[in-house]
Amino acid sequence: ATGSVVATPAQYDAEYLSPVSIGTPAQTLMLDFDTGSSDLWVFSSETPKSSVQGQTVYNPSKSSTAKKLSGATWKISYGDGSSSSGSVYTDKVTIGGLSVSNVAVESAQKVSREFTAEADLDGLLGLAFSSINTVQPTQQKTFFDMAKPSLDSAVFTADLKYGKAGKYNFGYIDDSAYNGSLTYTAVDSSNGWWMFTSPGYAVGSGTLDSTSITGIADTGTTLLLVPSSVVTTYYKQIRNARYDSSQAGYVFPCSTSLPSFTYAVGNSQIVIPGKYINFAPVDSAGSSCFGGIQSDEGIGFSIFGDVALKAAFVVFDGSQSPRLGFASK
Ligand SMILES: O=C(CN1CCCCC1)Nc1ccc2c(c1)OCO2
């Protein structure tokens, strides 16, 4: 089996949302596919009304295929400080024509204010390793792990785009979606993430600096978060860029033309065009813009978020020895 679903950007490409059908008859919600976590959770009929502001909710009592996972609970907090928690059902989940039965659908009984404020986001679909799923007392498998036995190939691919709809595919690699060839690189999944080491980077047309960057391929994080030495080197190339402590990041005039940022993958390179690194205006006047490359200070590793991933076609290979494949496009 295979599946293919659109990934539509929201809020200046801050997140990408995909339609997911849950239950019988189908209840379709817009979920944020997150390769940085491993819980499929949704706004639901159990979410306090005061916490639901525009989201579409999943109602298990209206699904003939829903089953309560008795005694199971979940609780998750993300690097940006947001969090959610609740109860667990199993139900049929269909993504882009790919149907999987008995998938753990985690019903939110609490969500933090960041999620309430995100009217377009109805939940998350975790695509990291099942070893970091938060359901207790019985840890649950991700949608991808549940689908794997039925897939033509044990892979999914992320083809996110700048300011327009991209795609997530399951079970196959669309060789027409990228240029040249895929370069595969080793993954350390021991902490549950798609972690890899980029052997170097370059700013603009400069030569490759062989400072390696170890981080996770994370579709759920908006920006590229890298060591401060790399951040400093990048913004040093931009006359009017400065660190704005009130924004806790580098900003520059929105009219600035930005240098590209290149990250190495094995012996090949992915070039992030400068315009991808102008993330969003920090003020309504739109005079000052927030950089798409910021520091990974305090995280413990770097994060190749959407700013980095949307410059590539990325294969998440979930075979016996997981690996990541990158190609330019
Ligand atoms: O929290 C996230 C991504 N997260 C995915 C689920 C929705 C809410 C955002 N990323 C993240 C991860 C580490 C961080 C960080 C942000 O800010 C500082 O460290």
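Before reading further, recall that the structure is shown in the block above.
Keep in mind the model is a prediction, meaning the values are calculated, not measured. For every chain, the first residue of the written sequence is number 1, and numbering continues from 1 along that sequence. Whole-chain, interface and lining totals are the exception, using all residues; otherwise, since this is a predicted model, local features are given only for residues with pLDDT of at least 70 and side-chain atom pairs are given and counted only at 80 or more. Each side-chain value is derived from all of the structure's non-hydrogen atoms; neither hydrogens nor water enter the calculation.

**Q** Can you help me understand the pairing of strand β7 (residues 98-111) in this one?
**A** The side chains of a regular strand alternate between the sheet's two faces. In this analysis, strands are considered paired if DSSP registers two or more bridges between them. Each helix is a run of H or I in the DSSP string that is no shorter than four residues. Each strand is a run of E no shorter than two, and both are numbered from the N terminus. As paired elements, strand β4 (residues 40-42) and β7 share two bridges and run parallel to each other. What sits directly across from tryptophan 41, in β7, is glutamate 106. Inspection of the sheet shows strand β6 (residues 83-95) paired to β7 by eleven bridges, in the antiparallel sense. From the neighbouring strand, serine 85 faces β7, where its bridge partner is lysine 110. Counted along the chain from β6 to the antiparallel partner β7, the turn is two residues long, and its residue glycine 96 has a positive phi close to 50°.

**Q** What exactly am I supposed to notice about unusual backbone geometry here?
**A** Backbone geometry follows two general trends: most residues other than glycine have a negative phi, and most peptide bonds adopt the trans configuration. Of note, the amide linkage connecting threonine 24 to proline 25 takes the cis form, showing an omega dihedral of -5°. Relative to the helices and strands, proline 25 resides in the loop between β2 (15-22) and β3 (27-34). Even without being a glycine, aspartate 13 presents a positive backbone phi close to 65°. Among the structural elements, aspartate 13 can be located in the loop between β1 (3-10) and β2. Think of it in three bands: residues with accessible area under 20% of the maximum for their type are buried, residues over 50% are exposed, and the middle band is partly exposed, with areas taken using a 1.4 Å probe on protein chains only. For aspartate 13, a relative accessible area of 9% translates into the label buried.

**Q** In this structure, what is going on with the sheet that holds strand β13 (residues 201-203)? I would like to understand it.
**A** Pairing between the strands of a sheet comes from backbone hydrogen bonds, and it takes one of two forms, parallel or antiparallel. Within the open sheet, the three strands sit side by side as β13-β18-β19. Their pairing is antiparallel. Every other strand in the sheet has two partners, leaving β13 and β19 (268-272) as the edge strands with one partner each. Within the sheet, the average angular offset between the axes of one strand and its neighbour, ignoring direction, is 20°. Relative to strand β18 (residues 261-265), β13 runs antiparallel, the two being bridged by three bridges. Bridge assignment links tyrosine 201 to a residue of β18, and that residue is tyrosine 263. An axis is simply a line fitted to the C-alpha atoms; with a helix, the fit covers only the stretch in contact. Between two such axes, the angle follows the N-to-C directions and lies from 0 to 180 degrees.

**Q** Looking at this model, I keep getting lost on the nonpolar core. Mind explaining?
**A** Generally speaking, a soluble globular protein has its nonpolar side chains buried in company with each other. Grouping buried Ala, Val, Leu, Ile, Met, Phe, Trp, Tyr and Cys residues that are joined through side-chain atoms within 4.5 Å yields what is termed a nonpolar core. Formed by 75 residues in total, the largest nonpolar core has its most connected members in Phe170 and Phe261. Should any heavy atoms of two residues lie within 4.5 Å, those residues are considered in contact. When neighbours within four sequence positions are excluded, phenylalanine 261 is seen to be in contact with Tyr201, Ala202, Ile213, Leu224, Val230, Tyr234, Ile270, Val271, Ile272, Ile277 and Ile293. In terms of nonpolar packing, the next biggest core, distinct from the first, is built from 16 residues, Leu17, Ala72, Val88 and Phe115 among them.

That's the geometry; what it means functionally is another story.
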